[in-house]
Amino acid sequence: MSFITSRNSAIIHTTTSKTSFVAYLVCMVMLRRQRKALLNLNADQLDDIGISAQDAAAEAAQPIWNVPAHWKN
């Protein structure tokens, strides 16, 4: 299993359960930051990425354990 970090585009390859858990936590923190960042986008920026302010608010309100579907594969 591997995760891509958006901060430096480095790939974290997980090999042990301890490393895997840490990588998972890192991804959760990044996901939360991204969701909170949606709240700071203006109407033009939201339009550029194709979502409404209501969609952004709904995504930002998601709990941390509700991860994107592609993470579960």
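Worth saying up front: this structure is predicted, and the values here are computed from it rather than measured.

A look at the confidence of the model for the protein chain
Of the residues in the protein chain, 73% have a pLDDT of 70 or more, and the chain-wide mean is 79. A low-confidence stretch, residues 8–14 (pLDDT under 50), is modelled with 19 contacts involving residues beyond four sequence positions or located in other chains.

Quick notes on the side chain of R35
The residue R35 is located in helix 1 (residues 17–38) in this model. Here R35 falls in the buried class, since its relative accessible area comes to 4%. Only 3.1 Å separates the side chain of R35 from the backbone oxygen of P63, close enough to count as a polar contact. Ignoring any residue separated from it by four or fewer positions in sequence, one finds R35 in contact with E59, A60, Q62, P63, I64, N66 and V67.

Calculation criteria
Residues numbered from 1 in each chain as written. Predicted model: local features only at pLDDT ≥ 70, side-chain atom pairs only at ≥ 80, totals over all residues. Heavy atoms only, no water. pLDDT = per-residue confidence, 0-100. Contact = heavy atoms within 4.5 Å. Helix = DSSP H or I, 4+ residues; strand = E, 2+ residues; numbered from the N terminus. Buried < 20%, exposed > 50% of the residue type's maximum accessible area, 1.4 Å probe, protein only. Polar contact = N/O pair within 3.5 Å; in protein donor to acceptor, adjacent residues only side chain to side chain.

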